Structures are given as structure tokens and as C-alpha cells.
Amino acid sequence: MDIEVVENPNDEYLRGCKTFSSQNWDEQIVEDLSLKEQYFASPDVVLIARNQEQTIGQLYLYLRDIVFLGKEVRLGGMGGVVTKISYRRRGVAKELLERAMDVMRTKGVEVAILSTDTKKLGLLYGHVGFVSLNRPYFYLGKSGKEYQDDGGMLVPVSTTSVF
């Protein structure tokens, strides 16, 4: 398996990723305006796992510079982790996660966050150090509206000083 790292993917590339996701995601992907409001970011990096020429997995990385407790911090986010149905339980997602952690380190990410069903996927993300927040967390949507979720997981990437 090879993993391709695509930085600053264009809209056409992302459409192909969306097609792969819709064919292999367990849940129906909904084009919903409220989701666009909540999760408005486009990925800064896409990791694609391939077996020869066939796409067998993908992962999106998001990079943000934020201020946390008065300190500038580079925050990484993960999303869109999808494995081709016929390749599940073969370590594809784990390899994507491990490579994503390497990419984030090279980008100066200090801490990474993701939102998932922690009961279903917490162990997978735990392989690369993510731990559940075990409490609700809040974030701002595109309009500035505050949202709450309870599936947050964090991992220190290149520092433990903010974690």
C-alpha cells in the first residue's frame, strides 16, 4: 500500500474524494446546509491510500492557527477517514492515521482534534494517541454560531505543553 499526500487539493480533486466517500461510508452523506454552516473548512491536506492504482482509503487534514489561553497554537484536525468496504479491517485506516500524524508534525501542529463516535471508533484513533474528552465541547460555525458536540478526541502532536 502506498499513501499519497496531496497538499491544498483543488475542488475537482475534492469532488473525487467525495465520490469515494459516498461509495464507502457506512452512513448516508447528506448535503445539508446546516453541515456546511458547522463544518465549513476545506481540507488543507488529503491523504490517499492506494493498492496499485486503486484508491482504498482517504483522510482529510485541517490546519488552523489559533490562540489558546493567550498562546498561539497550531491546531490540526482530522476528518473524512474512509476505507473502501472490501479493504476494511486490514490496517488501511491505521496506516493513514500514522502517516497523518507524521504530516502534522512536519507542519508544526501542536495538538490535533477530531469528532467521532468514540464508542465505535475510539480504539482506532487511540492507536495514534487520541484520547476522548469524555465531556461536551463547543465550537463556532462559519456564521459565528456556537455548536456543541460530545464525540471529541485530542492528541498532542509535537508538544504536551498545551494538552
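Residues numbered from 1 in each chain as written. Predicted model: local features only at pLDDT ≥ 70, side-chain atom pairs only at ≥ 80, totals over all residues. Heavy atoms only, no water.

Caption draft 1: Structural detail: the overall build of the protein. On a plain count of helices and strands, the protein comes out with 4 helices and 9 strands. Along the protein, from the amino end to the carboxyl end, the secondary structure elements read β-α-α-β-β-β-α-β-α-β-β-β-β. The 163 residues of the protein split such that 39% are buried. Partitioning the contacts of the protein with sequence separation of at least 6, the portion at a separation of at least 24 is 65%. With an accessible surface of roughly 9900 Å², the protein has 49% of that area assigned to carbon and sulfur atoms. (Helix = DSSP H or I, 4+ residues; strand = E, 2+ residues; numbered from the N terminus. Buried < 20%, exposed > 50% of the residue type's maximum accessible area, 1.4 Å probe, protein only. Contact = heavy atoms within 4.5 Å. Areas by Shrake-Rupley, 256 points an atom, 1.4 Å probe, with all protein chains shown as cover.)

Caption draft 2: Region of the structure containing the packing of aromatic side chains. Per the counting criterion, the structure on display carries 4 aromatic pairs. On the numbers, 6.5 Å between centres and 90 degrees between planes, the contact of Tyr 60 with Tyr 62 is edge-to-face. Assessed through its relative accessible area of 11%, Tyr 60 is described here as buried. Among the aromatic side chains, those forming a connected cluster through ring pairs are Tyr 137, Tyr 139 and Tyr 147. Note that Arg 90 overlies the ring of Tyr 87, its terminal NZ or CZ placed 4.7 Å from the centroid. (Phe/Tyr/Trp six-rings, centres within 6.5 Å; stacked < 30°, edge-to-face > 60°. Lys NZ or Arg CZ within 6 Å of the ring centre and 35° of its normal.)

Caption draft 3: Quick look at helix H1 (residues 11–24). Between its first and last C-alpha atoms H1 spans 20 Å; for 14 residues at 1.5 Å apiece the expected length is 20 Å, and the two agree. Among the residues of H1, Leu 14, Cys 17, Phe 20, Ser 21 and Asn 24 are the ones counted as buried. Along the long axis of H1, the arc covered by the buried residues comes to 115 degrees, so they all point the same way. The exposed residues of H1 that point more than 90 degrees off its buried face are Asp 11, Glu 12, Arg 15 and Gln 23. One side-chain oxygen of the residue at the start of H1 lies 3.2 Å from the amide nitrogen of Glu 12, identifying that residue as Asn 10. (Expected span 1.5 Å × (residues − 1). Arc of directions from axis to C-beta. Polar contact = N/O pair within 3.5 Å; in protein donor to acceptor, adjacent residues only side chain to side chain.)

Caption draft 4: Structural context of the pairing of strand E5 (residues 111–115). Note: strand E4 (residues 71–83) against E5, 3 bridges, orientation parallel. Residue pairing for E5: Leu 75 is matched across the bridge by Val 111. Between the parallel pair E4 and E5, the chain is carried across by helix H3 (residues 92–106), and the sense of this crossover is right-handed. Both E5 and strand E9 (residues 152–156) contribute to a ladder of 5 bridges, which runs antiparallel. Its bridge partner being in E9, Leu 114 is matched across the sheet by Met 153. (Pairing = 2+ DSSP bridges. Right-handed = clockwise from strand over helix to strand, strands pointing away.)

Caption draft 5: View of the pattern of salt bridges. Taken as a whole and judged by the stated rule, the model has 6 salt bridges. Here Asp 44 ties to Arg 64 by a salt bridge, and the two come within 3.0 Å at their closest N and O atoms. In this pair, Asp 44 sits in the loop between helix H2 (33–38) and strand E2 (45–51) while Arg 64 sits in strand E3 (residues 54–68), placing the two residues 20 residues apart along the sequence. A relative accessible area of 33% places Arg 64 in the partly exposed class. Where Lys 71 meets Glu 110, a salt bridge forms, and the shortest distance between an N and an O atom there is 3.5 Å. (Salt bridge = Lys/Arg side-chain N within 4 Å of Asp/Glu carboxyl O.)

In short, shape yes, function no, at least from these values alone.
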